[in-house]
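# Understanding the architecture of this molecule
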Amino acid sequence: MEHKVIGKSVERWDAIAKVTGRANYTGDIPQKELLYGKICRAKIAHGKVKSMDISEALKVPGVVKILTPDDVPEISFPTAGHPYSLDSRYVDVADRRILTRNVRLYGDEIAAVIADSELAAEIAVSKIKVEYEEYEFYLSTEEALKEGAVEIHEGSKNIIADTINGTGDLEAGFKDADFIVEDVCATPIVQHCQMENQIAYAYKDVDNRWVCVSSTQIPHICRRILGQAFGMPWGKFRVIKPFIGGGFGNKQDITIEPLAVAMSMAVGGKAVMLDLHREEVFAWTRVRHAISYKIKMGFTKDGLITAADIDAISNNGAYASHGHSVVAKGGGITTALYKIPNFRYRSRTVYTNTAAAGAMRGYGTPQIIYALETFMNKVSMQTGIDQFELREKNFTKVNDENPLLHMTQHSMSLRECFEKGKEVFKWDEKRKFIDENKGGDYVKGLGIAAFAYTSGAYPKTMEIGGCRLILNQDGSIKMMVGATEIGQGSDAVFSQMVADTVGVPYEWIIADAVTDTDIAPFDTGAYASRQTFVSGMAVKKAALELKGKILEASYHFSKRTNKVTVDDMDIVDGNIIQKHDGQIIEGLGDLALNTYYNMHEGHCLTADVSNRCTKNAYPYGITMAEVEVDKKTGKVEVLSILNVHDSGRIINPILAEGQVEGGMAQGLGYGLAEELKYDAKTGKPLNNNLLDYKMPTSMDVPDLSVAFVEIDDPVGPYGNKSLGEPPLCSPAPALRNAIIDALGIYVKDIPVTPQKIIEALSENREV
Amino acid sequence: MLKTINCKINGRDMELQVDIRESLLDMLRDRLHLTGTKQGCGVGECGACAVLIDGQTLDSCIYMAVWADGKEIVTIEGITNDDGSLSDIQHNFVDKGAIQCGFCTPGFVVSATALLEEKPNPTKAEIRRGLSGNLCRCTGYTKILDAVESTAEQRGNKK
Amino acid sequence: MYQINGYFEASTIKEAVDYLKENENSQIIAGGSDVLIKTRERKSGYVDKDLVGIMRITELHGISYDESGNILIGSTATFTEVEKNEIILKNISSLSTAVGSIGGPQIRNIGTIGGNVANGATSADSASSLFAMDAIILIEGPAGKREIPIKEFYLGPGKVALNRDELMTHIKIEKKNFEGYKGHYIKFSQRKAMDIATLGCSIMVKMDGNKIGDLKIAYGVAGPTPIRATEAELMAKGMEITTENLDKIGEKCLENASARDSWRASKAFRQQLIRELPKRAIKIALGGGE
């Protein structure tokens, strides 16, 4: 297949709608009659609601109804945006109620007001009186695991899961080692900060089913979980996703949709809107797991890993959400990056009284990569083995089988990424300059980090993608996918795939502005960097099927005049041609018209594919960073930063760069600034707003450099591997390593804030 | 409590009855259905609701609707040309790949419009500062800065 | 929607003061970047208020010299106006730097210097510079006009010497407090925009030959209100600008400071900034650069 559009920076179809403000997000769609919901949140961090007095709240003008836990189903449901599991061993933990009497974190959802205005609902919420029975609360995993800790969920002992994976013989591996290095580190709770807050509204439709319009990454999963939450047939629900203002995993979880539907049910099916405030999104939707690591590794004197023992403890917060799968992923990521003959990966996921941790871009990988890549830095500094050499020696290779995931990798270009990185970044020049100009209050340093990731979630969960293509009357092609456009540009990429595979101009492909579970083919949604890979396979299959049908039809309609066989026919630039001389047989539009309106033989051409994907491909990449640290204030200036990615073939370079730049900026915040903090006295979140939570502004992000090593992956539908999540996996450790290089002292945990640097300097901590 | 105000919105003179409790953002979105202006935080920390008031970029979420009396307001809908074609800044946002989820985009276009009015030849640092009241989580700002820089260059070349 | 009871747009100082006096439930609102946020937070004292808008009172606008050559800044001058004003840039550029460090363009276009000072926050970026300039707050109320030095204006965190029925009309910087001085403001914050100061330091220095003739050092967030490092200022007089002397001055500043531990920053870290920032500010003010 000739690539005409794949590999080109074609314009995303929704760009003009977005830049003119015409793209409709959930909050932009007018309703004839709309009520507003507001959540009443607990003012303690752990305990029980003893009693609730809503009488004063009900008197507030405009209040229609107040829901308490008595008014919603007594059904516990899971919220993770995972595919449903038919195997009872792998089902998601069902620990959530629409409203709860058991308070598990400060701000837990204990009641909800429905009113004719948002303000009336807010006033009413402030008038609800609640009496609590208070328990001890736990902000850290250590506290939650201590002897005699109160169980946050009954019977859990505050542990969601405790597992060990591995390979080889750990003891023997350590015996073979010439030296052993140990370290500990910890990562913070951070938040997605997608610009559009969680928002959903629900109503009863003309067919008496419940419609939920929501800013979700996972419409089809959302529908299933609504069914579970209400104990009703899943078909009774319909989920519609309009344009969505970012997600980064925060909307790969069910947060407000069941309550929105419950509120509509409480008012006879009138539309009720639940539009969270930024403060609520920060503290009470989902966050990234804070994970602490203990790492021990054995090496030969040449720097080859003989054994690794990693113990990871993950703070899951008050509800299971994605639960153990996030920290557990770190094991397979470790063995995708480094060849470790003897390996033990223990991971525990623990309930605490902080925000429920769920999916966030990278899904446990930024955490394990932070641990691994700062660890490798330490090994290099302690042994004097060059940091590139140490890593390259231990990287996995093409055709290696991942002993934890039992998947073979077919492409792996980390060595090439380093090579390209050194050249683009001018590593050697920078190194030389820094080494020759030491001293003073402003010191410079360089750091690197490498990562591995996955494309989709197979074999951990099943992977299925869907695509329906319809040949329109004029030869244009209507493309319907269940995979979810959330801003990353998946619709553009799928359209490129269809255009090239069928053989028509990109502009002929028509995407959908909404994903509607009644209409869109089944696909589990936007997560796991799965869409170009997993959904892309379905798109390719559908496009090939449609192309086959077009050629068959063309042959059929034109066989009296056209002597070539189907095998000698192709579609190029929207024309059906004969391959041997390139002569045009007919335009696709002419053929399409025949398929629709030929009195005797017309039949519309469609392809409707559901494809199960049983493959995975590991994308790789690196970050190189140069920093300048002000030793008197601890301020870090990022002078230059580069990501080089091995994501196989790049389908759309400008969109790909955009993904990388965005991920790098998030990684920068993760490494240097961001952390959601809690008050130790009350368990209340302290900085759940965009002023006190230090997401980088345009003045904080330096120029970002991006490069790709493009080598086709044999498994990816178009030689491609995933790219969405990878970019934020490696900046944080690279920055931290650069800071250590600059200062020559040990700075342990991210975010590496000025205060932490000043503290480390005053204690003169050794590396 | 209702109050009558007179203002010009996207070139049209309007007389409006507004609730004194309304923000300008409420007025634009709920009363006039100008939904291109978005709400991201409600407290002036993200810039998604930025509009031009008498040529200055302001966050409409923390601007009382009654204050619009006598003012000239331009929203993203008014930056787009009357025939639906794009302003040069909008065009460059599209061209440079500055758009991802698009939720912050209208606010950025508004702030960029004000910035280039005030500083036709900004340095990169001035662009960063001029857009620092608008947050974006998708792009890392790179392509947004490119779009504004390119617009300034193109305007310079035209002269 | 904000939970507000009423709104009155004042067009003269007298109208505003009369309204404030008559209506016990009234509350002044200038640019709104503080009041509206507190109303939305449902902060006590900011809900169900009768707001009095003062942005259209022309007497409160503008920046000018008075007949004695002092600088008068109208209380509703926005940060953008102050930052770019020729009089400010020429005489007290550190105030321009200070208000230029606030928020982002949108906040600077709406926030006022009067509001910045009147809300009594120790972190207010303009306040430390105004302390370093010994600014005088001009107030008008039912009893007429009065003037009060900024040091006395700040009573405690969020508390200022402004009665409920009074209006801050202007901020006055006397000629003797800027003529011959050079100044600089350094804001230390985690982000370069949209942030509140971890510590703010503003200095005004007048040289006497190669010696310090007069030095004023003011801080934000080094105590419950903005403060002056009077001990260090006293010691600095007559000193030459050397690294050793600057170190001594920085160290001495701690004597007037009462930084504390908070979740935003530790006391020890703030103390390090208290030491370091005045040295840098002095060097930059004197053209030493950073």
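Residues numbered from 1 in each chain as written. Chains lettered and ligands numbered in written order. Predicted model: local features only at pLDDT ≥ 70, side-chain atom pairs only at ≥ 80, totals over all residues.

## Focus: the overall build of chain A
Scanning chain A from N- to C-terminus turns up 19 helices and 29 strands. A globule of 767 residues ought to have a C-alpha radius of gyration of about 27 Å, and chain A, at 27 Å, matches this closely. Considering only contacts within chain A whose residues lie at least 6 apart along the sequence, 80% involve residues at least 24 apart. (Helix = DSSP H or I, 4+ residues; strand = E, 2+ residues; numbered from the N terminus. Rg over C-alpha atoms; globule rule 2.2 N^0.38 Å. Contact = placed C-beta atoms within 7 Å.)

## A look at the overall build of chain B
Counting secondary structure elements, chain B contains 6 helices and 5 strands. Sequence-ordered secondary structure for chain B, helices as α and strands as β, is β-β-α-β-β-β-α-α-α-α-α. When the backbone C-alpha atoms are referred to their principal axes, chain B occupies close to 50 × 35 × 25 Å. The 159 residues of chain B split such that 64% are buried. Here the contacts in chain B between residues at least 6 apart in sequence split such that 59% fall between residues at least 24 apart. (Buried ≥ 20, exposed ≤ 12 C-beta atoms within 10 Å, placed from the backbone.)

## Points about the domain arrangement of chain A
Residue and element names in this part refer to chain A. Partitioning chain A into domains gives domain 1 (15–22 + 458–613), domain 2 (31–135 + 198–284), domain 3 (149–191 + 290–354 + 363–399) and domain 4 (410–455 + 617–767). Tallying the contact residues gives 17 residues for domain 1 and 19 residues for domain 2. Among the residues forming the side of domain 1 that touches domain 2, the class breakdown is 6 nonpolar, 8 polar and 3 charged. (Domains from an automatic or database assignment. Nonpolar A, V, L, I, M, F, W, Y, C, P; charged D, E, K, R; others polar.)

## A closer look at the pairing of strand 6 (residues 129–134) of chain A
Residue and element names in this part refer to chain A. Counting buried residues along strand 6, only 0 of its 6 residues qualify, which leaves the element largely exposed. Of the pairings in the sheet, the one linking strand 2 (residues 47–53) to strand 6 comprises 6 bridges and is antiparallel in character. The partner of Lys48 across the bridge, within strand 6, is Glu133. (Pairing = 2+ DSSP bridges.)

## Observations regarding the interface of chain C and chain B
Taken together, the contacts link 20 residues of chain C with 26 residues of chain B. Elements with a minimum of two residues in the side of chain C that touches chain B: strand 1 (4–9), helix 2 (35–40) and helix 6 (105–110) of chain C. Considering each element in turn, the side of chain C that touches chain B owes the most residues, 5 residues, to helix 6 of chain C. In the side of chain C that touches chain B, the residues fall into 11 nonpolar, 8 polar and 1 charged.

## Observations regarding the sheet that holds strand 24 (residues 575–578) of chain A
All names here are of chain A. Spatially, the 3 strands line up as an open sheet ordered 23-24-25, and their pairing is antiparallel. Looking at strand neighbours, the two that pair on one side only are strand 23 (569–572) and strand 25 (584–587), the edges of this open sheet. With direction set aside, neighbouring strand axes in the sheet form an average angle of 25°. Of the strand pairs in this sheet, strand 23 and strand 24 are connected by 4 bridges, and their pairing is antiparallel. Residue pairing in the sheet places Val572 in a bridge with Asn575 of strand 24. (Axes fitted to C-alpha atoms, helices over the stretch in contact; angles between N-to-C directions.)

## Regarding the pairing of strand 13 (residues 211–220) of chain C
Residue and element names in this part refer to chain C. Most of strand 13 sits inside the fold, with 7 of its 10 residues counted as buried. Bridge count for strand 12 (residues 199–208) against strand 13 is 9 bridges, and the pairing is antiparallel. Its bridge partner being in strand 13, Met207 is matched across the sheet by Ile212. With antiparallel pairing between neighbouring strands as the criterion, strand 12 and strand 13 make up a hairpin whose turn holds 2 residues, including Gly209 at a positive phi of roughly 65°. Taken together, the 2 bridges between strand 13 and strand 14 (residues 227–228) define a ladder with antiparallel strand orientation. Note on strand 14: the bridge partner recorded for Tyr219 is Ile227. Following strand 13, the chain reverses through 6 residues before pairing antiparallel with strand 14; Val221 in that reversal takes a positive phi of roughly 70°.

## A look at the sheet that holds strand 12 (residues 271–275) of chain A
Residues and elements named next belong to chain A. Read across the open sheet, the 8 strands follow the order 3-5-1-12-9-10-11-22; overall the sheet is mixed. The open sheet has two edge strands with one neighbour each: strand 3 (63–67) and strand 22 (515–516). When strand 10 (residues 210–214) meets strand 11 (residues 237–241), the two strands line up parallel, connected through 4 bridges. Within strand 11, the residue paired with Val211 across the bridge is Arg238.

## Side note on helix 6 (residues 142–158) of chain B
An α-helical turn contains 3.6 residues, so any two residues separated by three or four positions project in the same direction. Between the first and last C-alpha of helix 6 of chain B there are 25 Å, a value that for 17 residues agrees with the 24 Å anticipated at 1.5 Å per step. All of the buried residues in helix 6 of chain B are Thr142(B), Lys143(B), Ile144(B), Leu145(B), Ala147(B), Val148(B), Thr151(B) and Ala152(B). (Expected span 1.5 Å × (residues − 1).)

## What to know about the interface of chain B and chain A
The interface of chain B with chain A comprises 42 residues on the first partner and 46 residues on the second. Breaking the side of chain B that touches chain A down by element, the ones donating at least two residues are helix 2 (76–79), helix 3 (88–95), helix 4 (105–118), helix 5 (124–130) and helix 6 of chain B. Class assignment for the residues of the side of chain B that touches chain A results in 20 nonpolar, 15 polar and 7 charged.

## With respect to helix 19 (residues 754–763) of chain A
For helix 19 of chain A, the complete set of buried residues consists of Pro754(A), Gln755(A), Ile757(A) and Ile758(A). The buried residues of helix 19 of chain A all sit within an arc of 160° when viewed along its axis, so they share a single face. For helix 19 of chain A, the elements touching its buried residues are strand 27 (620–630) of chain A together with helix 12 (267–285) of chain C. With its phi angle positive at about 50°, Asn764(A) sits one or two positions after the end of helix 19 of chain A. (Arc of directions from axis to C-beta.)

## So, the environment of Asp125(C)
Residue and element names in this part refer to chain C. Take Asp125: it is sitting in helix 8 (residues 125–132). The exposure class assigned to Asp125 is buried, which follows from the 27 C-beta atoms found within 10 Å. Sequence-wise, Asp125 and Gly220 are 95 residues apart; in three dimensions their C-alpha atoms are separated by 7.2 Å.

## Details of the environment of Gly141(C)
Residue and element names in this part refer to chain C. Structurally, Gly141 is set in strand 6 (residues 136–141). Separated by 120 residues in the primary sequence, Gly141 and Lys21 place their C-alpha atoms 8.4 Å from one another. Excluding its chain neighbours within four sequence positions, the residues that come into contact with Gly141 are Val17, Asn163, Asp165, Glu166 and Leu167.

## Topic: the confidence of the model for chain B
When pLDDT is averaged along chain B, the result is 97; 99% of the residues meet or exceed 70. Under the prediction, the complex receives an ipTM of 0.98, its pTM being 0.98. (pLDDT = per-residue confidence, 0-100.)

## Side note on the domain arrangement of chain B
All names here are of chain B. Domain boundaries in chain B define domain 1 (2–79) and domain 2 (88–158). Domain 1 and domain 2 are separated by 22 Å when their C-alpha centres are compared. Facing 16 residues of domain 1, the contacting portion of domain 2 comprises 14 residues. At the level of elements, strand 3 (50–53), strand 4 (56–59) and helix 2 are the ones that each hand at least two residues to the side of domain 1 that touches domain 2. Of the residues that constitute the side of domain 1 that touches domain 2, the class distribution is 8 nonpolar, 7 polar and 1 charged.

## A closer look at the nonpolar core
All names here are of chain A. Core analysis: the largest hydrophobic core is formed by 390 residues, its most contacted members being Val113, Cys212, Ala260, Val498 and Ile739. Take this core: its biggest share by element is 11 residues, from helix 15 (residues 531–558). Beyond its immediate stretch of four places on either side in the chain, Ala260 contacts Gly37, Ala200, Tyr201, Ala202, Cys212, Val272 and Leu274. (Core = buried A, V, L, I, M, F, W, Y, C linked by C-beta atoms within 7 Å.)

## Overview of the packing of helix 14 (residues 490–502) of chain A against helix 15 of chain A
All names here are of chain A. At their nearest, the axes of helix 14 and helix 15 sit 9 Å apart, and the two run at 30° to each other. Note that helix 14 runs across helix 15; the crossing there is right-handed. Of helix 15, the residues touching helix 14 (which contributes Ser490, Val493, Phe494, Met497, Val498, Thr501 and Val502) are Gln531, Thr532, Gly536, Val539, Lys540, Ala543, Leu544, Leu546 and Lys547. Residues belonging to the contact of helix 14 with helix 15 are distributed by class as follows: 9 nonpolar, 5 polar and 2 charged. (Left-handed = near helix turned anticlockwise from the far one by under 90°.)

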